[in-house]
Every structure is written in structure tokens, then in C-alpha cells.
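Structural overview for review
In case you want the letters, here they are:
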Amino acid sequence: MALLLGLLAAPVPAAAQEEVVAGLSRNEISITANFEGSDLLIYGAVKRDQPEPAGSRLDVIVTVEGPSTPITVRRKSRSFGIWINTASVEVDRAPSFYTVATTGPLEEILSQTEDLRRKISVPQMIRSVGAPKEIADSPAFTGALVRIREGNGLYSLHEGAVELAEDTLFRTDVDLPANLVEGAYRTRFFLLRDRQVVAMRETVIDVRMVGLERWLYELARGQPAAYGILALTLAALAGWAASTAFRLIKNG
């Protein structure tokens with residue numbers, strides 16, 4: 001009995017607490033007139049206050065998410081020889097850009113419960129408002145949105161792209177396309193063991209238009225009439241210059 005009481009009174013070893021210490025090669029990205037995309041290096045380390053748990057595999061997931069906006073997904077059908085919009089579903093939340101990089105196959109390192117809770121995979125990041133009752137296959141609309149943006153390089157999953165050294169240091173490279181939307185890009189880091197998230201960290205990349213791109217963007221939003229006149233003037237000048245050059249070549 002005394003032995004049993006002694007065992008119960010003995011201190012239980014504390015579970016190892018792990019934290020993410022992460023960084024980015026760039027915290028700000030400037031979009032200029034000749035912007036063709038950017039390479040982003042993401043790196044970090046695992047900080048522990050106890051020895052690493054034995055018999056438990058460590059995995060890392062990194063996500064980069066652009067600003068979210070609502071969007072209407074429409075279905076076209078052929079009627080009387082022409083294609084027309086016949087159905088639509090309102091998507092309440094769709095990131096303009098979203099990429100996921102992992103140390104292994106996503107289904108093997110992340111449970112469905114954690115995915116639902118943390119919104120990590122591409123499908124979980126998209127939220128629909130409720131399709132009309134007459135649309136029975138509303139998931140097909142969000143699936144089509146994902147396929148279109150994957151084709152445009154805006155949504156992607158890179159399994160095995162995160163390099164993990166000695167269960168401590170990790171790194172990955174993310175390609176940011178040229179058609180980025182201005183705004184704050186949320187970057188998340190997840191540490192996982194047994195398909196469960198044990199630690200998380202978050203930071204932000206600021207993407208902003210600068211120079212001529214910024215001036216045209218603000219002019220179009222703040223003074224649309226002036227922007228329209230400027231666009232027409234430039235188009236007329238371009239047409240005049242082209243016709244003049246063609247005439248000179250022809251007469252020469």
C-alpha cells in the first residue's frame with residue numbers, strides 16, 4: 001500500500017513543449033509595372049524545453065494565404081445554340097492565392113478533424129454561403145473554382161516540399177505568381193505529431209503596388225472618370241503612332 005501511494009505521489013514527467021521559431025526571406029513584396037513574380041524562402045526551427053518525444057514523428061506544414069474575397073461561380077449551359085449562364089453559387093470566402101507545403105502526404109500527416117478546425121487544405125479554405133435549393137451539386141461549383149485557380153497557379157499543394165533536418169530545422173521555397181492581389185498575405189506554420197497540431201505560428205507578408213502601378217490603381221478607384229479619359233487618350237495616341245509608322249514604312 002505504501003509503495004502504491006509512493007508511485008501515485010511521484011511526479012509525472014511533463015510532455016515536451018514545442019514551439020515554432022520561423023522567418024521569411026522577405027516580409028514585403030512590391031508590385032511594379034515589370035513584376036514577374038517572386039521567390040519566397042521560408043525557414044524555421046523547433047524550440048523545445050524538454051527532450052523530443054520518443055516514438056512520435058514530427059511533421060511540418062506551411063501555408064501562404066492571400067486576401068479573401070467573395071465570388072460568384074456560374075455554370076454555363078448550351079441553349080438554342082449559344083452558351084448562357086444557367087446556375088450560380090455564391091462563395092463567401094475564397095483566397096486570391098493559397099499554397100500548402102508539407103513534409104509528407106497531407107492525408108497521412110493531418111487528421112480530418114484538425115483540417116476542419118484549422119482550415120489547412122485548399123478545399124477547407126473555401127466557404128460557400130448556401131446554394132439555391134434547385135442546385136443539387138453545389139460542391140461541384142467550389143470544385144470548379146479550385147480547378148480554375150490551380151490552373152492559373154493561384155492554388156497549389158506541394159507534398160514533401162518542406163525539408164526537415166534532425167527534427168529541428170526546416171525550410172521550403174514558395175513561388176509567388178505575377179498576378180498577385182495587393183494586401184496582407186498570412187503565412188502559417190504548423191508542427192504536427194500523430195496527425196495532430198502541437199504548435200502553430202503565424203506571420204504576415206505585405207504585398208503592395210508601388211510606382212506607376214500604384215498611381216494607376218489609386219486613379220482607377222478614386223477617379224474612375226479621369227482614369228477612363230486617360231485610357232482613351234493613350235489608346236488614341238497608340239493608334240495614331242501605329243498608323244503613322246505604317247504609313248512611313250509603306251512610303252519609304
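These numbers come from a predicted model, not from an experiment.

As a further point, take the side chain of aspartate 59. Relative to the elements of secondary structure, aspartate 59 occurs in strand β4 (residues 58–65). A distance of 2.7 Å separates the side chain of aspartate 59 from the side chain of threonine 103, its partner in a polar contact.

It is worth spelling out the environment of glycine 37 at this point. Position of glycine 37 among the secondary structure elements: in the loop between β2 (28–31) and β3 (38–48). A residue is classified by how much of its surface remains accessible, and glycine 37, at 26% relative accessible area, is partly exposed. Between the C-alpha atoms of glycine 37 and leucine 180, which are 143 residues apart in sequence, the distance is 7.9 Å. Once you skip the residues sitting within four places of it in the chain, glycine 37 turns out to touch Leu176, Pro177 and Ala178.

In a beta sheet, neighbouring strands are held together by backbone hydrogen bonds and run either parallel or antiparallel to one another. The strand order across the open sheet formed by four strands is β1-β3-β11-β10, and the pairing between neighbours is antiparallel. The open sheet terminates on both sides in strands that have one partner only, identified here as β1 (18–24) and β10 (163–165). Put simply, the sheet's adjacent strands are angled 20° from each other on average, direction ignored.

Quick look at the pattern of salt bridges now. If you walk through the whole model with that rule in mind, you get nine salt bridges. Residue aspartate 173 is joined to arginine 171 by a salt bridge in which the shortest nitrogen-to-oxygen separation is 2.6 Å. Residue arginine 171 is classed as partly exposed on the basis of its relative accessible area of 33%. Glutamate 202 is paired through a salt bridge with arginine 186; the nearest N and O atoms lie 3.6 Å apart. With a gap of 16 residues between them, glutamate 202 in strand β13 (residues 196–209) and arginine 186 in strand β12 (residues 183–193) connect regions that are remote in the sequence. Three or more residues joined by partner-sharing salt bridges are found here, namely Glu65, Arg93, Arg186 and Glu202.

Before going further, it helps to spend a moment on the confidence of the model for the protein chain. Mean pLDDT for the protein chain: 80, with 75% of residues reaching 70 or above. The element-level mean pLDDT for the protein chain is lowest in helix α1 (residues 2–9), coming to 44, with strand β7 (residues 98–102) highest at 96. Confidence over residues 3–15 falls short of pLDDT 50; this stretch has two contacts with residues more than four positions distant or in other chains.

Calculation rules
Residues numbered from 1 in each chain as written. Predicted model: local features only at pLDDT ≥ 70, side-chain atom pairs only at ≥ 80, totals over all residues. Heavy atoms only, no water. Helix = DSSP H or I, 4+ residues; strand = E, 2+ residues; numbered from the N terminus. Polar contact = N/O pair within 3.5 Å; in protein donor to acceptor, adjacent residues only side chain to side chain. Buried < 20%, exposed > 50% of the residue type's maximum accessible area, 1.4 Å probe, protein only. Contact = heavy atoms within 4.5 Å. Pairing = 2+ DSSP bridges. Axes fitted to C-alpha atoms, helices over the stretch in contact; angles between N-to-C directions. Salt bridge = Lys/Arg side-chain N within 4 Å of Asp/Glu carboxyl O. pLDDT = per-residue confidence, 0-100.

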